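Chain and residue survey
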Amino acid sequence: MRRRTVSPGSGLEETLDNLAATTAGRQEAPAPAPAPARAPQRDRDSLQTEFAFELPRGYVDDEGQLHRHGTMRLATARDELRPQIDLRVKENPAYLSVVLLSQVITQLGTVTDVHAGIVERMYATDVAFLQDFYRRINSEGHTHAAVTCPLCHGSFEVDLSGGRLGE
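The present account deals with the structure reproduced in this document.

Conventions and cut-offs
- Residues numbered from 1 in each chain as written.
- Predicted model: local features only at pLDDT ≥ 70, side-chain atom pairs only at ≥ 80, totals over all residues.
- Heavy atoms only, no water.
- Helix = DSSP H or I, 4+ residues; strand = E, 2+ residues; numbered from the N terminus.
- Buried < 20%, exposed > 50% of the residue type's maximum accessible area, 1.4 Å probe, protein only.
- Salt bridge = Lys/Arg side-chain N within 4 Å of Asp/Glu carboxyl O.
- Axes fitted to C-alpha atoms, helices over the stretch in contact; angles between N-to-C directions.
- Parallel < 35°, antiparallel > 145°, perpendicular 65-115°, else oblique.
- Left-handed = near helix turned anticlockwise from the far one by under 90°.
- Contact = heavy atoms within 4.5 Å.
- Polar contact = N/O pair within 3.5 Å; in protein donor to acceptor, adjacent residues only side chain to side chain.
- Pairing = 2+ DSSP bridges.
- Phe/Tyr/Trp six-rings, centres within 6.5 Å; stacked < 30°, edge-to-face > 60°.
- Core = buried A, V, L, I, M, F, W, Y, C linked by side-chain atoms within 4.5 Å.

For the rest of this paragraph, the subject is the overall build of the protein chain. Secondary structure summary: the protein chain contains 6 helices and 5 strands in total. Along its sequence from the N terminus, the protein chain presents helices and strands in the succession α-β-β-α-α-α-β-α-α-β-β. For the protein chain, the proportion of its 167 residues judged to be buried stands at 29%.

The next thing to look at is the pattern of salt bridges. Taken as a whole and assessed by the stated rule, the structure comprises 5 salt bridges. Among the ionic pairs, D86 bridges to R88, the shortest N-O distance being 2.8 Å. Three or more residues joined by partner-sharing salt bridges are found here, namely D132, R135 and R136.

For the pair helix α4 (residues 96-104) and helix α6 (residues 124-140), the least separation of the axes is 11 Å and the interaxial angle reads 65°. Comparing the axis directions of α4 and α6 gives the class roughly perpendicular. At the point where α4 passes α6, the crossing takes the left-handed sense. In contact with S97, L100, L101 and V104 of α4, α6 contributes V127, L130, Q131 and Y134.

This part covers the side chain of S102. In this structure, S102 sits in helix α4. Within polar-contact distance, the side chain of S102 engages the backbone oxygen of V99 at 2.7 Å.

For the rest of this paragraph, the subject is the sheet that holds strand β3 (residues 105-108). Pairing between sheet strands relies on hydrogen bonds along the backbone, with the strands arranged either parallel or antiparallel. Taken together, the 3 strands give an open sheet; going across it, the order is β1-β2-β3, and neighbouring strands pair in antiparallel fashion. Each edge of the open sheet carries a strand with a single partner, namely β1 (50-60) and β3. Within the sheet, the average angular offset between the axes of one strand and its neighbour, ignoring direction, is 25°. Pairing of strand β2 (residues 66-73) with β3 involves 3 bridges; the strand directions are antiparallel. Bridging from a neighbouring strand, G70 pairs with L108 of β3. Those strands touched by α6 are β1, β2 and β3, and its axis lies near 170° from that of β1.

Attention shifts here to unusual backbone geometry. The residue H153 is not glycine, and still its phi comes out positive at about 60°. Residue placement: H153 occurs in the loop between β4 (144-148) and β5 (155-159).

Time to look at the environment of D113. In this fold, D113 is placed in the loop between β3 and α5 (116-120). Along the backbone, D113 and Q103 are 10 residues apart, and their C-alpha atoms lie at a distance of 9.7 Å.

Evaluated as defined, the whole model comprises 3 aromatic pairs. Where F53 meets F129, the ring centres are 6.5 Å apart and the plane angle is 55°; that geometry is what we call tilted. Within this pair, whereas F53 is found in strand β1, its partner F129 is found in helix α6, the two being separated by 76 residues in sequence. With respect to class, F53 is no different from F129; both count as buried.

This paragraph deals with the nonpolar core. F53, M72, L101, L108 and L130 are the most contacted members of the largest nonpolar core, which has 26 residues in total. Listed by contribution, the elements that provide at least two residues to this core are β1, α4, β3, α5 and α6. Residue contributions to this core peak at 6 residues, all from α6.

On to α4. Among the 9 residues of α4, 8 are classified as buried, and the element is accordingly described as predominantly covered. Every buried residue of α4 is listed here: S97, V98, V99, L100, L101, S102, Q103 and V104. On its buried side, α4 packs onto β2, α2 (77-81), α3 (87-91), β3, α5 and α6.

Dropping the structure here:
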């Protein structure tokens, strides 16, 4: 590409005309083919990191308020390693699930600061439910379970994240 210098005495219009003629004389490159339309991102391509749940019994706080609905996030490697250095877990290995659940439960009803003391005061049914829920979302990536009816032997799928026992 040549550079053209425009001096105050030379005509700007003449320079622009010469540039336009030079550009028009060149063979134009074919226009690039339009990019194929991108398919919209599918749900299976996105990662769900928080899962809603409903406790079978519910947590009763100090004021007597019942909390049943909550959210749990996916666990990180740090979440699984941190309880190993906790002194309560070293003294009692069964306490591991209490510490682990308190780290991954992000909300329980109106309670947003879920700590080990809250998980300790939950009913055993709810803790067992949360342990299974944790296992499902972190290993299988969903909250569905395949079940078989004991009466008709029909197979179907249930969502474990909500609903009361027996429904």
